[in-house]
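Overview (structure and organization)
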Amino acid sequence: ITFDLRGIDGSTTGDAPAWTMEQFAADALAVLRDASVTSAHVIAHSMGGRVAQRLAIAHPEVVATLTLIATTGGDAGGVARDAEASRVLASGGIAELAPYFFGPDGDRADMARFLQREASIAARRGHYTASLGHDAWGELPAITAPALIIHGDADAITQVGNGRMLAAAIPGARLLEIEGGHHAVHLQSAEVVPAVLAFVAAHPIGG
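Residues numbered from 1 in each chain as written. Predicted model: local features only at pLDDT ≥ 70, side-chain atom pairs only at ≥ 80, totals over all residues. Heavy atoms only, no water.

1. Section: the packing of aromatic side chains
Applying the stated criterion across every chain, the model contains 1 aromatic pair. Centre to centre, the rings of Trp19 and Phe24 are 5.8 Å apart; their planes meet at 55°, and the pair counts as tilted. Accessibility classification places Trp19 together with Phe24 in one group, the buried group. (Phe/Tyr/Trp six-rings, centres within 6.5 Å; stacked < 30°, edge-to-face > 60°. Buried < 20%, exposed > 50% of the residue type's maximum accessible area, 1.4 Å probe, protein only.)

2. Section: the pairing of strand β4 (residues 174-178)
Note: strand β3 (residues 147-152) against β4, 5 bridges, orientation parallel. For His151, the partnering residue across the bridge sits in β4 and is Glu177. Viewed along the sheet, the connection from β3 through helix α7 (residues 160-169) into β4 turns out right-handed. (Pairing = 2+ DSSP bridges. Helix = DSSP H or I, 4+ residues; strand = E, 2+ residues; numbered from the N terminus. Right-handed = clockwise from strand over helix to strand, strands pointing away.)

3. Quick notes on the packing of helix α3 (residues 83-91) against helix α4 (residues 94-102)
Between two packed helices, the angle of one axis relative to the other and the distance separating the axes together describe the packing. Axis separation between α3 and α4 bottoms out at 9 Å; the angle between their running directions is 125°. Comparing their axes, α4 and α3 come out oblique. Helix-helix and strand crossings are classified by hand; for α3 and α4 the assignment is left-handed. Contacts between α3 and α4 pair Glu84, Ala85, Arg87, Val88, Leu89 and Ser91 from the former with Glu96, Leu97 and Tyr100 from the latter. (Axes fitted to C-alpha atoms, helices over the stretch in contact; angles between N-to-C directions. Parallel < 35°, antiparallel > 145°, perpendicular 65-115°, else oblique. Left-handed = near helix turned anticlockwise from the far one by under 90°. Contact = heavy atoms within 4.5 Å.)

4. Looking at the pairing of strand β2 (residues 63-69)
Across the 7 residues of β2, 7 count as buried, placing the element largely inside the fold. Of the strand pairs in this sheet, strand β1 (residues 40-45) and β2 are connected by 6 bridges, and their pairing is parallel. Paired with Val42 across the bridge in β2 is Leu66. Crossover β1 to β2 through helix α2 (residues 47-58) is right-handed. Where β2 meets β3, 4 bridges bridge the pair, whose relative direction is parallel. If you follow Leu68 over to β3, its bridge partner there is Ile149.

5. What to know about helix α1 (residues 21-34)
A rise of 1.5 Å per residue sets the reference length of α1, with its 14 residues, at 20 Å; its end C-alpha atoms lie 20 Å apart and thus fit the reference within 8%. Residues of α1 that are buried: Met21, Gln23, Phe24, Ala25, Asp27, Ala28, Leu29 and Leu32. (Expected span 1.5 Å × (residues − 1).)

Geometric values such as these leave the question of function open.
The following block contains the structure:
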(Lines give C-alpha, C1' and ligand atoms only; values in the text may rest on other atoms or scores of the structure.)
Protein backbone atom coordinates (compact mmCIF):
# COMPACT_ATOMS: atom_id res chain seq x y z
CA ILE A 1 0.00 0.00 0.00
CA THR A 2 1.35 3.41 -0.93
CA PHE A 3 -0.36 6.77 -0.88
CA ASP A 4 0.30 10.41 -1.72
CA LEU A 5 0.65 12.89 1.12
CA ARG A 6 -1.64 15.90 1.18
CA GLY A 7 -1.04 18.17 -1.78
CA ILE A 8 0.77 15.51 -3.84
CA ASP A 9 -0.71 14.31 -7.14
CA GLY A 10 -4.36 13.35 -6.55
CA SER A 11 -4.43 13.98 -2.79
CA THR A 12 -6.21 17.16 -1.75
CA THR A 13 -4.71 19.63 0.68
CA GLY A 14 -7.54 19.44 3.20
CA ASP A 15 -8.58 22.41 5.28
CA ALA A 16 -5.87 22.53 7.96
CA PRO A 17 -4.04 25.89 8.03
CA ALA A 18 -0.68 24.19 8.64
CA TRP A 19 0.48 20.60 8.25
CA THR A 20 2.36 18.54 10.82
CA MET A 21 3.96 15.10 10.90
CA GLU A 22 1.27 14.08 13.40
CA GLN A 23 -1.42 14.99 10.87
CA PHE A 24 0.35 13.09 8.11
CA ALA A 25 0.58 10.08 10.44
CA ALA A 26 -3.17 10.32 11.09
CA ASP A 27 -3.68 10.32 7.31
CA ALA A 28 -1.55 7.18 7.01
CA LEU A 29 -3.61 5.52 9.73
CA ALA A 30 -6.82 6.47 7.89
CA VAL A 31 -5.48 4.87 4.70
CA LEU A 32 -4.70 1.63 6.53
CA ARG A 33 -8.07 1.56 8.26
CA ASP A 34 -9.89 2.22 5.00
CA ALA A 35 -8.02 -0.74 3.51
CA SER A 36 -9.03 -2.86 6.54
CA VAL A 37 -5.38 -3.30 7.55
CA THR A 38 -4.91 -3.72 11.29
CA SER A 39 -1.13 -4.25 11.27
CA ALA A 40 1.48 -3.37 8.67
CA HIS A 41 5.19 -3.45 7.89
CA VAL A 42 5.85 0.29 7.64
CA ILE A 43 8.68 1.31 5.31
CA ALA A 44 9.42 4.99 4.83
CA HIS A 45 12.09 7.25 3.32
CA SER A 46 13.27 10.74 4.30
CA MET A 47 10.30 12.93 5.30
CA GLY A 48 8.13 9.82 5.11
CA GLY A 49 10.38 8.39 7.81
CA ARG A 50 9.42 11.26 10.08
CA VAL A 51 5.76 10.49 9.43
CA ALA A 52 6.39 6.80 10.16
CA GLN A 53 8.03 7.64 13.49
CA ARG A 54 4.90 9.53 14.51
CA LEU A 55 2.71 6.61 13.45
CA ALA A 56 4.82 4.14 15.46
CA ILE A 57 4.78 6.39 18.54
CA ALA A 58 1.05 7.20 18.49
CA HIS A 59 -0.30 3.89 17.18
CA PRO A 60 2.09 1.07 18.09
CA GLU A 61 -0.62 -1.53 17.54
CA VAL A 62 -0.62 -0.77 13.82
CA VAL A 63 3.14 -0.98 13.18
CA ALA A 64 4.37 -4.58 12.95
CA THR A 65 7.85 -3.49 11.88
CA LEU A 66 9.39 -0.10 11.17
CA THR A 67 11.96 0.46 8.43
CA LEU A 68 13.37 3.99 8.31
CA ILE A 69 15.51 4.98 5.33
CA ALA A 70 17.67 8.13 5.16
CA THR A 71 15.73 9.98 7.82
CA THR A 72 16.10 11.68 11.20
CA GLY A 73 14.31 12.16 14.49
CA GLY A 74 14.34 15.90 13.83
CA ASP A 75 16.62 18.55 12.41
CA ALA A 76 17.03 20.51 15.64
CA GLY A 77 18.43 17.62 17.66
CA GLY A 78 20.12 15.74 14.85
CA VAL A 79 23.28 16.06 12.77
CA ALA A 80 22.86 19.08 10.53
CA ARG A 81 23.54 19.13 6.79
CA ASP A 82 25.96 21.73 5.52
CA ALA A 83 24.86 25.05 4.06
CA GLU A 84 25.46 24.05 0.44
CA ALA A 85 23.34 20.88 0.78
CA SER A 86 20.57 22.97 2.34
CA ARG A 87 20.74 25.46 -0.53
CA VAL A 88 20.53 22.72 -3.15
CA LEU A 89 17.64 21.01 -1.37
CA ALA A 90 15.71 24.28 -1.13
CA SER A 91 16.36 25.09 -4.78
CA GLY A 92 14.65 21.94 -6.03
CA GLY A 93 16.84 21.98 -9.14
CA ILE A 94 16.89 18.52 -10.74
CA ALA A 95 20.43 18.73 -12.06
CA GLU A 96 21.83 19.95 -8.74
CA LEU A 97 19.87 17.47 -6.65
CA ALA A 98 20.78 14.34 -8.64
CA PRO A 99 24.30 13.85 -7.20
CA TYR A 100 22.97 14.33 -3.67
CA PHE A 101 20.34 11.64 -4.14
CA PHE A 102 22.11 9.19 -6.47
CA GLY A 103 25.81 9.96 -6.15
CA PRO A 104 28.27 11.33 -8.70
CA ASP A 105 26.78 9.19 -11.46
CA GLY A 106 23.24 10.36 -10.77
CA ASP A 107 21.70 12.28 -13.65
CA ARG A 108 18.66 14.34 -14.52
CA ALA A 109 16.71 11.26 -15.63
CA ASP A 110 17.21 9.59 -12.24
CA MET A 111 16.06 12.71 -10.45
CA ALA A 112 13.11 13.35 -12.76
CA ARG A 113 11.78 9.85 -12.08
CA PHE A 114 12.22 10.37 -8.35
CA LEU A 115 10.37 13.71 -8.45
CA GLN A 116 7.65 12.71 -10.89
CA ARG A 117 4.83 13.48 -8.44
CA GLU A 118 2.95 16.73 -9.01
CA ALA A 119 2.87 19.27 -6.19
CA SER A 120 2.31 23.00 -6.01
CA ILE A 121 4.87 25.36 -4.53
CA ALA A 122 2.49 25.92 -1.60
CA ALA A 123 2.25 22.18 -0.95
CA ARG A 124 6.02 21.71 -1.10
CA ARG A 125 6.45 24.63 1.28
CA GLY A 126 3.88 23.07 3.62
CA HIS A 127 5.73 19.76 3.61
CA TYR A 128 9.03 21.50 4.29
CA THR A 129 7.57 23.48 7.19
CA ALA A 130 5.98 20.36 8.70
CA SER A 131 9.27 18.51 8.37
CA LEU A 132 11.15 21.32 10.13
CA GLY A 133 8.69 21.09 13.02
CA HIS A 134 9.35 17.39 13.57
CA ASP A 135 11.18 16.52 16.79
CA ALA A 136 10.69 12.96 18.02
CA TRP A 137 14.08 12.36 19.64
CA GLY A 138 12.69 12.29 23.17
CA GLU A 139 9.85 9.92 22.19
CA LEU A 140 11.77 7.38 20.11
CA PRO A 141 12.50 5.13 23.13
CA ALA A 142 8.73 4.50 23.33
CA ILE A 143 8.71 2.73 19.94
CA THR A 144 8.03 -0.96 20.49
CA ALA A 145 8.07 -2.23 16.89
CA PRO A 146 11.17 -4.05 15.64
CA ALA A 147 13.08 -1.39 13.72
CA LEU A 148 15.56 -1.40 10.85
CA ILE A 149 17.44 1.82 10.13
CA ILE A 150 19.02 2.10 6.68
CA HIS A 151 21.34 4.97 5.84
CA GLY A 152 23.99 5.71 3.24
CA ASP A 153 27.29 6.87 4.71
CA ALA A 154 27.66 9.45 1.91
CA ASP A 155 24.22 11.03 2.42
CA ALA A 156 24.74 14.80 2.53
CA ILE A 157 21.00 15.61 2.69
CA THR A 158 20.44 13.67 5.91
CA GLN A 159 23.82 12.97 7.45
CA VAL A 160 24.52 9.36 8.46
CA GLY A 161 24.92 10.45 12.06
CA ASN A 162 21.14 10.80 12.16
CA GLY A 163 20.71 7.14 11.28
CA ARG A 164 23.13 6.17 14.01
CA MET A 165 21.23 8.32 16.50
CA LEU A 166 17.92 6.74 15.49
CA ALA A 167 19.34 3.25 15.94
CA ALA A 168 20.64 4.19 19.37
CA ALA A 169 17.36 5.77 20.46
CA ILE A 170 14.89 3.08 19.30
CA PRO A 171 15.09 0.01 21.54
CA GLY A 172 16.57 -3.00 19.76
CA ALA A 173 16.88 -1.20 16.43
CA ARG A 174 19.27 -2.59 13.83
CA LEU A 175 21.38 -0.21 11.72
CA LEU A 176 22.40 -1.00 8.16
CA GLU A 177 24.89 1.52 6.77
CA ILE A 178 25.41 1.38 3.03
CA GLU A 179 28.92 2.30 1.98
CA GLY A 180 28.82 5.06 -0.62
CA GLY A 181 25.04 5.37 -0.28
CA HIS A 182 23.43 8.75 -0.87
CA HIS A 183 19.98 10.10 -0.02
CA ALA A 184 18.09 7.79 -2.39
CA VAL A 185 20.05 4.82 -1.08
CA HIS A 186 17.04 2.50 -1.47
CA LEU A 187 17.09 3.15 -5.21
CA GLN A 188 20.85 3.39 -5.55
CA SER A 189 22.02 0.27 -3.70
CA ALA A 190 21.14 -3.35 -4.49
CA GLU A 191 21.60 -4.20 -0.80
CA VAL A 192 18.50 -2.43 0.46
CA VAL A 193 15.54 -4.41 -0.90
CA PRO A 194 16.91 -7.85 0.11
CA ALA A 195 17.70 -6.47 3.58
CA VAL A 196 14.16 -5.13 4.00
CA LEU A 197 12.57 -8.35 2.75
CA ALA A 198 14.67 -10.44 5.13
CA PHE A 199 13.83 -8.12 8.02
CA VAL A 200 10.06 -8.24 7.54
CA ALA A 201 10.18 -12.00 6.93
CA ALA A 202 11.83 -12.41 10.32
CA HIS A 203 8.89 -10.62 11.94
CA PRO A 204 5.74 -12.05 10.32
CA ILE A 205 2.49 -10.37 11.19
CA GLY A 206 0.61 -12.62 13.56
CA GLY A 207 3.68 -14.82 13.93
